[in-house]
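# Summary of structural features
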Amino acid sequence: MSESSAEAVVDAASAVASAATGAGAGWRRATGIAGAAIGVVAAGAAAGVAIERLTVGRGMRQKARLALDSAGPYGALRGTPGKAYADDGTELYYEVDDVEPEGGPAPRRRRLFGRKAPAPVTVVFSHGYCLSQDSWHFQRAALRGVVRTVHWDQRSHGRSGRGVAQVRDKEAVSIDQLGRDLKAVIDAAVPDGPIVLVGHSMGGMTVMALADAFPELIRDRVVAVALIGTSSGRLGEVNFGLPVAGVNAVRRVLPGVLKALGQQAALVEKGRRATADLFAGVIKRYSFASRDVDPAVARFAERMIEGTPIDVVAEYYPAFNDHDKTEALAQFAGLPVLVLAGVGDLVTPSEHSEAIADLLPDAELVLVPDAGHLVMLEHPEVVTDRLADLLTRAGAVPAGATVNGYGSTSSTAQPG
């Protein structure tokens, strides 16, 4: 992206922001480019990744999306539903995948000593920004029947309710709040027993915030931690793969544009749908690094991200610049820790994972070549393999347990 292109991004974004604060008619004229503008500002290279889509008719692309939606099984796994409530009253949705003994539930027997058997290890998965619990589809499928798992949707994401503090009190979202939300989910879904915490991107930050606010929980109950494609701070320095001019343009106008678009959410969503092809290119560029990702998986990622309302996108964005939980990492010292990232991650670059590993010298650091931000969808076999090893080291699963690798999402890979 050249300096002149970066200036064009600034001009386009400024026009959208001005339209949002102006008369209704002016805003309506701008909604056609609103979705495109937010993609351009966020990515800085949307026009380039969209070129290939201009060679195929819109009707054909729509049919292809429908076909992928109907054929892809991704996100279809469901568990036992539950609800937790955050400290501001926000309803947090979670699902539990329990493990039954072979042959079904064991019959009740009187115990001469003790009230009940020890609680099993539970693995709690926290997803990232603009995603949902379904982003763990491959790992969830692989671990079913092997270990008890909890998957939850962060506030205002997936099936969880809109943040009460954000809607009622107009409070900004904070990573600290997300840490307290995770504590509420643990209290409801895992009231006792050992825990393994797994977080991707914003979910990893949520895990750090939990450790910062509730160190006694980490000390008493957490037996292992996995931090995937995440950061402990300094996110304001991320360049998103852009040259200096593009980065400066994004940082200068994006907060204002997001705020303006968030205030006109209903109209922006219409413009967003109208520019679905452009968004698809941007999403793919910033989600994956390899060229042969299964189209159904890429479409699955699109659906999750597109399903996040623009006002939610806007209200979360400022929290990342404020995020700094470097000191909280000390709470994980002495635990089995997995730190994993894609080498081609443009959202939370792998250098941030390396910085985390430097502070936790006993952690296993895994850098996955040819992988982007959604590494658990792009190379699920690698993530699942390292998680299985972590669970074995933590005593969460027997050393001889068989964990299904659940194949690869490469369009050229063979199943198995």
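Every value quoted in this text rests on a predicted model; they were computed, and no experiment measured them. (Residues numbered from 1 in each chain as written. Predicted model: local features only at pLDDT ≥ 70, side-chain atom pairs only at ≥ 80, totals over all residues. Heavy atoms only, no water.)

## Some words on the side chain of serine 287
Tracing the sequence through the fold places serine 287 in helix H12 (residues 276–287). Separated by 2.7 Å, the side chain of serine 287 and the backbone oxygen of isoleucine 283 make a polar contact. Those residues within four positions of serine 287 in sequence are excluded, and the remaining contacts are Ile305, Gly372, His373, Leu374 and Glu378. (Helix = DSSP H or I, 4+ residues; strand = E, 2+ residues; numbered from the N terminus. Polar contact = N/O pair within 3.5 Å; in protein donor to acceptor, adjacent residues only side chain to side chain. Contact = heavy atoms within 4.5 Å.)

## Overview of the pattern of salt bridges
Per the counting criterion, the structure on display carries 25 salt bridges. For aspartate 187, the salt bridge is made with lysine 183, and the minimal N-O distance between the two is 3.0 Å. On the criterion of helical spacing, the pair formed by aspartate 187 and lysine 183 is a turn pair, its members being four residues apart in helix H7 (residues 175–189). Among the residues examined, lysine 183 registers a relative accessible area of 19% and is labelled buried. Across the pair arginine 386 and aspartate 389 runs a salt bridge whose closest N-O atoms are separated by 3.2 Å. Taken together, the positions of arginine 386 and aspartate 389, both in helix H17 (residues 380–393) and three residues apart, correspond to about one turn of that helix. (Salt bridge = Lys/Arg side-chain N within 4 Å of Asp/Glu carboxyl O. Buried < 20%, exposed > 50% of the residue type's maximum accessible area, 1.4 Å probe, protein only.)

## Structural notes on unusual backbone geometry
Despite not being glycine, lysine 170 has its phi angle at roughly 55°, a positive value. Assignment of secondary structure puts lysine 170 in the loop between helix H6 (164–167) and H7. For lysine 170, a relative accessible area of 67% puts it in the exposed group. For serine 201, which is not a glycine, the phi torsion comes out positive at approximately 55°. With respect to the helices and strands, serine 201 occurs in the loop between strand S5 (195–200) and helix H8 (202–213).

## Some remarks on the packing of aromatic side chains
Under the definition given, this model contains five aromatic pairs. Aromatic pair tyrosine 74 and phenylalanine 138: ring centres 5.3 Å apart, planes at 50°, arrangement tilted. In this pair, tyrosine 74 is assigned in the loop between helix H4 (58–71) and strand S1 (80–85) and phenylalanine 138 in helix H5 (residues 137–143), connecting sequence segments 64 residues apart. With centroids separated by 6.2 Å and ring planes inclined at 40°, the aromatic side chains of tyrosine 129 and tyrosine 316 adopt a geometry described as tilted. With a gap of 187 residues between them, tyrosine 129 in the loop between strand S3 (122–126) and H5 and tyrosine 316 in helix H14 (residues 310–322) connect regions that are remote in the sequence. In this structure tyrosine 129 comes out as partly exposed when scored by relative accessible area, which is 23%. (Phe/Tyr/Trp six-rings, centres within 6.5 Å; stacked < 30°, edge-to-face > 60°.)

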